[in-house]
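Here's the letter readout for the chains.
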Protein chains: 2
Amino acid sequence: MRVELLTIGDELLLGYTIDTNAAYLARALAEIGIEIVQRETVGDDPDAIARAVREALDRTGALITTGGLGPTADDRTREALAALFGRVLRRDDAIVELLETRFRALGYASMPPSNLVQAMVPEGARVLANAHGTAPGLWLEDERGRWVAMLPGVPREMRGMLADTLLPLLRTRAGDAGAVVASRTLRTTGIGESALAELLGDIGGATVDGLSLAYLPGWAGVDLRLTARNVPRMEAERALDRAALKLSERAARYIYGDDTADLAAVVLQRCRERALHVATAESCTGGMLGARLTAVPGSSDVYVGGIIAYSNEIKLRMLNVPAELLREHGAVSEPVAASMAAGACATIGTEIGVGITGIAGPGGGSPEKPVGTVWIAVQVQGAIRTLGRVFVGDREEIRQRSAQAALDLIRRTLGEAR
Amino acid sequence: MRVELLTIGDELLLGYTIDTNAAYLARALAEIGIEIVQRETVGDDPDAIARAVREALDRTGALITTGGLGPTADDRTREALAALFGRVLRRDDAIVELLETRFRALGYASMPPSNLVQAMVPEGARVLANAHGTAPGLWLEDERGRWVAMLPGVPREMRGMLADTLLPLLRTRAGDAGAVVASRTLRTTGIGESALAELLGDIGGATVDGLSLAYLPGWAGVDLRLTARNVPRMEAERALDRAALKLSERAARYIYGDDTADLAAVVLQRCRERALHVATAESCTGGMLGARLTAVPGSSDVYVGGIIAYSNEIKLRMLNVPAELLREHGAVSEPVAASMAAGACATIGTEIGVGITGIAGPGGGSPEKPVGTVWIAVQVQGAIRTLGRVFVGDREEIRQRSAQAALDLIRRTLGEAR
């Protein structure tokens, strides 16, 4: 099944909000064999919404929209679609009741009157329940079977409604035609895009055994994405397995997982298997490494805690970094990173300690230590391993790359200790 | 001037990468009075690229593309555009030289051969220099003055090239027509979308004095965005000032800044003005609050450091939280948050300490303390203030909202102490 996607909102067209819904929807739909063939964005303008919907229905006959279903006056999707389909808007008392219950549960004495507009439903529309917010979704279909599914724009509500209501509905509608778009990602880190292509050599082109291959660089590393199109699911999975194995054989050292694998989760699992505990000592990343580790549910059996040693005084006093190391080598240096890792183990009381110190910029660089210079150290059961890098990017990117490189250093150190 | 935007990449259409370039370009272009009137996304398919470019040139005559200029075989923009414009690709020796210099500077013995393709330029194209990566941009124009500007897809490279080369070029081309799209955002936090609309009452509709008003909810709070369209810059700025003042008068208590204001930067500045220093003690946020504060360049004169007290043992030992508090009230409780804030001040040695403890989920909730329950405490020069909330959202959102609420509690506490 082929559908189009229309994301609605001035904030999207003006660029004040990044459109995460488009990506999320594409992934979720691909899993049930539905392909997004075109994607458009318009502002909160009923005419522009109506024009875009009309064109999409003429081209593809199936459209999912996000946004414009909220309670405020800039939410125009409901009225634009009702007008386009020639349906009057009527108040749906069941929705009013649900809204009132929801607001009472949130501790409101009564529902704000502005939310009443969310109970207005175009005649003949199907209501898509929203268990995650106030805006119900809507499904409108014309006499020729062409349809529009309207989802809210708030990502959490959109995702909930998609899973609860729209995906089951589309799955029924799509039937079991069987042909899917299926992908597999191999996530690499610690190697650049060009070097990775060189390493893969003759199998690193635009296609591998008929599957398309894309290189997707980002702060987490370069993802290798294989995609099979328009083949039955079982056949696609087998082809992806074979091609992924080929790539893995050449680039094994740099691959930390498949698909949406998160390096923090990978590291936590390896530590868990060996009953090792982790402590962090962060300077330039200021807590990002701790945040990466604790973003993983259930991390508390491995990650105990950390010190954010942003000032040198905290490095000295709480991590026992010797003053002479700071004096002789500077805070951003291999021996200070090593001492921070050792200090994290000793202070927090863990088998593994990680130290990160660097110059995230934009200021603070020098010819010898330019912005992006980062030293990372990992102590595992007394043995220390260090890594020095000069990362490119802005402050945030340098910090993200530093936290990722620190996680990778734990992964590699544990791999070798195996 | 009106342009269209085409973002290119299988990873975008399949949803494996979130399109941040579209938003960034829209903002940067709006500032010089250029409006993006349509936005489309296609995969790495030369036919789809050529079709989309042809349509955009027919409609609008001006197009910016991102992506597909890399060194690997899935990068097809160069060849698709050369074919569409009927130009042959020729090797540009000046680019070869630049690439070789760049790779040597990165420590490579020689340039990977795959990068040679990036030196291929369609006949008659203008090369847009890339000081931030290997892929040069290209500008192609036909005999009717219709043009396409091709930028790389890697955000850092795209942004650099936009600022260095394309914006100056477009500014010259657009001339001084003067009519701009200008926006102003008032950033609120600690109040929901509906409640904010109620508070604003009659001035909270879709337009304020002819400017459009949008409510943009997110984990950081609800942004109020005013937009003026197609008026001269000075007039737009005056109208935005007037409308922003109207809104501010009603919602002052919840507004922490304008436009892209970051609450962490606001809090750091307020502390800096009073020579106050901050320390953090984080449990459920695991370092995110420290990461927020240290994301701001120059934060080191205010933020000293913190303890990530993920385990109770660290709360006891490093923050001196009394064991009986943990036993009687549980780790997620008002007294424990208060004790963590006090412990942060005492251990790190600062005038301000922040404690955060909560249940980020998905597990760990109970009827009395459901997932999302968070206690936050701020100690300022000995006086403690606490805040208990039950946040909605997934694990990451609950953590982000917690860090934001902690920053806002510092802001409000300092506001009152003034």
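Residues numbered from 1 in each chain as written. Chains lettered and ligands numbered in written order. Predicted model: local features only at pLDDT ≥ 70, side-chain atom pairs only at ≥ 80, totals over all residues. Heavy atoms only, no water.

Engineer: Where do I start with the overall build of chain A in this structure?
Structural biologist: Along the backbone of chain A there are 14 helices and 18 strands. Within chain A, the fraction of its 418 residues that count as buried is 58%. Summarising the internal contacts of chain A: among those between residues at least 6 apart in sequence, 68% fall at separations of at least 24. (Helix = DSSP H or I, 4+ residues; strand = E, 2+ residues; numbered from the N terminus. Buried < 20%, exposed > 50% of the residue type's maximum accessible area, 1.4 Å probe, protein only. Contact = heavy atoms within 4.5 Å.)

Engineer: Help me out: how do you make sense of the side chain of E4 of chain A in this one?
Structural biologist: All names here are of chain A. Position of E4 relative to the elements: it lies in strand β1 (residues 2-8). In this structure the side chain of E4 is engaged in a polar contact, spanning 2.8 Å, whose partner is the side chain of R59. The contact partners of E4, leaving out residues within four places of it in the chain, are V37, Q38, A56, R59, T60, A62, L63 and I64. (Polar contact = N/O pair within 3.5 Å; in protein donor to acceptor, adjacent residues only side chain to side chain.)

Engineer: Hey, could you run me through the pattern of salt bridges in this one?
Structural biologist: Pairing between side chains becomes possible if they bear opposite charge and their charged atoms approach one another. All names here are of chain A. Per the stated rule, a full pass over the model turns up 50 salt bridges over all chains. For R317, the salt bridge is made with E313, and the minimal N-O distance between the two is 2.6 Å. Taken as a pair, R317 and E313 lie in helix α11 (residues 312-319) at a separation of four residues, close to a single helical turn. Under the relative-accessibility criterion, R317 is labelled partly exposed at 41%. (Salt bridge = Lys/Arg side-chain N within 4 Å of Asp/Glu carboxyl O.)

Engineer: How do you make sense of the environment of T185 of chain A when you look at a structure like this?
Structural biologist: As for its position among the elements, T185 of chain A is in strand β9 (residues 179-188). Separated by 29 residues in sequence, T185 of chain A and A214 of chain A place their C-alpha atoms 9.3 Å apart.

Engineer: Would you explain the interface of chain B and chain A in this entry?
Structural biologist: Put simply, an interface is often sized by how much accessible area is lost when its parts join up. At the interface, 88 residues of chain B touch 87 residues of chain A. Both faces combined, the contact of chain B with chain A buries some 6,700 Å², and carbon together with sulfur accounts for 57% of it. Across the pair R156 of chain B and E397 of chain A runs a salt bridge, and its minimum N-O distance is 3.7 Å. The tally of links between chain B and chain A comes to 31 residue pairs in polar contact (both at pLDDT 80 or more). Each residue belonging to the side of chain B that touches chain A can be placed in one class, and the counts come to 40 nonpolar, 26 polar and 22 charged. Across four bridges, strand β15 (residues 303-309) of chain A lies against strand β15 (residues 303-308) of chain B in antiparallel orientation. Paired with I308 of chain A across the strands is G306 of chain B, a residue of β15 of chain B. (Buried area = accessible area lost by both parts, 1.4 Å probe. Nonpolar A, V, L, I, M, F, W, Y, C, P; charged D, E, K, R; others polar. Pairing = 2+ DSSP bridges.)

Engineer: What is the right way to look at the packing of aromatic side chains in this model?
Structural biologist: Any aromatic ring pair is given by two values, namely how distant the centres are and how the planes are angled relative to each other. Applying the stated criterion across every chain yields a total of six aromatic pairs over all chains. Relative to Y303 of chain B, the ring of Y310 of chain A lies with its centre 5.9 Å away and its plane at 50 degrees, an arrangement referred to as tilted. Placement of the pair is Y310 of chain A in the loop between β15 and α11 and Y303 of chain B in strand β15, with the two residues belonging to separate chains. Taking the relative accessible area as the measure of exposure, Y310 of chain A reaches 14% and is therefore buried. With relative accessibility at 0%, the residue Y303 of chain B sits in the buried group. Taking 5.0 Å as the distance between ring centres and 85 degrees as the angle between the ring planes, the aromatic pair formed by F103 of chain B and Y108 of chain B counts as edge-to-face. (Phe/Tyr/Trp six-rings, centres within 6.5 Å; stacked < 30°, edge-to-face > 60°.)

Engineer: Mind showing me how you'd approach the relation of the copies chain B and chain A here?
Structural biologist: What connects the two chain copies is a rotation about an axis and a shift along it. Here chain B sits on chain A after a turn of 180 degrees about the axis and a move of 0.0 Å along it, with an RMSD of 0.1 Å. Accordingly, the operation relating the two chain copies is best matched by a two-fold axis. Considering only C-alpha atoms, the part of chain B nearest the rotation axis is G287 of chain B, at 2.0 Å. Looking at chain B, 99% of its interface residues are interface residues in chain A too, so the copies touch through the same face. (Least-squares fit on C-alpha atoms with pLDDT ≥ 70 in both.)

Engineer: How do you make sense of the layout of surface pockets when you look at a structure like this?
Structural biologist: The method is simple in principle: a probe with the dimensions of a water molecule rolls over the atoms, and the space it marks as empty is what remains. Residues and elements named next belong to chain A. If you add up the space inside the second largest pocket, you get close to 620 Å³. Examining the composition of the lining of the second largest pocket, we find that four residues originate from one element, strand β2 (residues 35-42), more than from any other. When its residues are assigned to classes, the lining of the second largest pocket shows 14 nonpolar, seven polar and twelve charged. (1 Å grid on protein atoms, 1.4 Å probe; cavity = no way out; pocket = protein on both sides within 12 Å on 5 of 7 lines; lining within 4 Å. Points joined across faces, edges and corners; volume = space filled by probe spheres on them.)

Engineer: Is there a simple way to think about helix α2 (residues 20-30) of chain A in this case?
Structural biologist: An α-helical turn contains 3.6 residues, so any two residues separated by three or four positions project in the same direction. Residue and element names in this part refer to chain A. Within α2, eight of the eleven residues are buried, which leaves the element mostly enclosed by the surrounding structure. Every buried residue belonging to α2 is among N21, A22, A23, L25, A26, A28, L29 and A30, and all of these are buried. If you check the start of α2, you find a side-chain oxygen 3.3 Å away from the backbone N of N21, and it comes from D19.

Engineer: How should the side chain of E282 of chain A be read in this particular structure?
Structural biologist: Along the polypeptide, E282 of chain A turns up in strand β14 (residues 278-282). No salt bridge is formed by the buried E282 of chain A, whose closest oppositely charged neighbour, R399 of chain A, lies at an N-O distance of 7.4 Å. Within the structure, E282 of chain A has its side chain in polar contact with the backbone nitrogen of G287 of chain A (distance 3.2 Å). Not counting chain neighbours up to four residues away, the residues in contact with E282 of chain A comprise G287, M288, L289, G290, I307, I308, A309, Y310, M340 and I356 of chain A together with I308 of chain B. (Lys, Arg positive; Asp, Glu negative; His and termini not counted.)

Engineer: What's the story with the sheet that holds β15 of chain B in this structure? I'm lost.
Structural biologist: Two pairing modes exist for strands in a sheet, parallel and antiparallel, and in both the strands are linked by backbone hydrogen bonds. Overall, mixed pairing links the ten strands, which are arranged β18(A)-β17(A)-β16(A)-β14(A)-β15(A)-β15(B)-β14(B)-β16(B)-β17(B)-β18(B) in an open sheet. One side of each edge strand has no neighbouring strand; the edge strands of this open sheet are β18 (383-390) of chain A together with β18 (383-390) of chain B. This sheet shows a mean twist of 15 degrees between the axes of neighbouring strands, independent of strand direction. Where strand β14 (residues 278-282) of chain B meets strand β16 (residues 352-358) of chain B, five bridges bridge the pair, whose relative direction is parallel. (Axes fitted to C-alpha atoms, helices over the stretch in contact; angles between N-to-C directions.)

Engineer: Is there a simple way to explain the packing of helix α7 (residues 193-200) of chain A against helix α8 (residues 233-251) of chain A in this structure?
Structural biologist: Relative placement of two packed helices is described by the angle separating their axes and the distance separating the axes. Residue and element names in this part refer to chain A. Relative to each other, α7 and α8 sit at 105 degrees, their axes nearing to 9 Å. The pairing of α7 with α8 is recorded here as roughly perpendicular in orientation. On the side of α7, the interface is formed by L196, L199 and L200, while α8 contributes L247, R250 and A251. By residue class, the composition of the contact of α7 with α8 is five nonpolar, no polar and one charged. (Parallel < 35°, antiparallel > 145°, perpendicular 65-115°, else oblique.)

Engineer: So what exactly am I meant to see when it comes to the pairing of strand β3 (residues 62-66) of chain B here?
Structural biologist: Remark: a regular strand shows side chains that alternate across the two faces of the sheet. Residue and element names in this part refer to chain B. With five of five residues buried, β3 lies mostly within the body of the structure. Going residue by residue along β3, you find A62, I64 and T66 tucked away on one face and L63 and T65 tucked away on the opposite face as well. Where strand β1 (residues 2-8) and β3 come together, four bridges link them in parallel fashion. Paired with E4 across the bridge in β3 is L63. Here β3 runs beside strand β8 (residues 147-151); their pairing, made up of five bridges, is parallel. Paired with I64 across the two strands is A149, which belongs to β8.

Engineer: Sorry if this is basic, but what is going on with the pairing of β18 of chain A here?
Structural biologist: Residues and elements named next belong to chain A. Bridge count for strand β17 (residues 373-380) against β18 is eight bridges, and the pairing is antiparallel. Its bridge partner lying in β18, T373 is registered against V390. Count of turn residues in the β17/β18 antiparallel hairpin: two residues, of which Q381 carries a positive phi of about 45 degrees.

Engineer: So what exactly am I meant to see when it comes to the environment of G70 of chain A here?
Structural biologist: Residues and elements named next belong to chain A. Along the chain, G70 falls in the loop between β3 (62-66) and α4 (77-85). For G70 and L25, which are 45 residues apart along the polypeptide, the C-alpha to C-alpha distance reads 19 Å. Apart from residues no more than four positions distant in its own chain, G70 is found in contact with D75, R78, V117 and Q118.

Engineer: Can you help me understand the environment of A251 of chain A in this one?
Structural biologist: All names here are of chain A. By the secondary structure assignment, A251 is in helix α8. With a relative accessible area of 1%, A251 lands in the buried category. In the structure, A251 is positioned 65 residues away from L186 in sequence and 9.6 Å away in space, judged by C-alpha atoms. Every residue in contact with A251, bar those within four places of it in the chain, is listed here: L196, L199 and L200.

Engineer: Sorry if this is basic, but what is going on with unusual backbone geometry here?
Structural biologist: Most peptide bonds are trans, and most residues other than glycine sit at a negative phi. Here the residue pair G361 of chain A and P362 of chain A is connected by a cis peptide bond, since its omega of 0 degrees sits within 30 degrees of zero. One non-glycine residue with positive phi stands out, namely D259 of chain A, at about 50 degrees. On the basis of relative accessibility, which here comes to 31%, the residue D259 of chain A falls in the partly exposed class. Within the chain, A275 of chain B stands out as a residue other than glycine whose phi angle is a positive 55 degrees. By the secondary structure assignment, A275 of chain B is in the loop between α9 (263-273) and β14. A relative accessible area of 54% places A275 of chain B in the exposed class.

In short, the description is geometric, and any link to function would need to be established separately.
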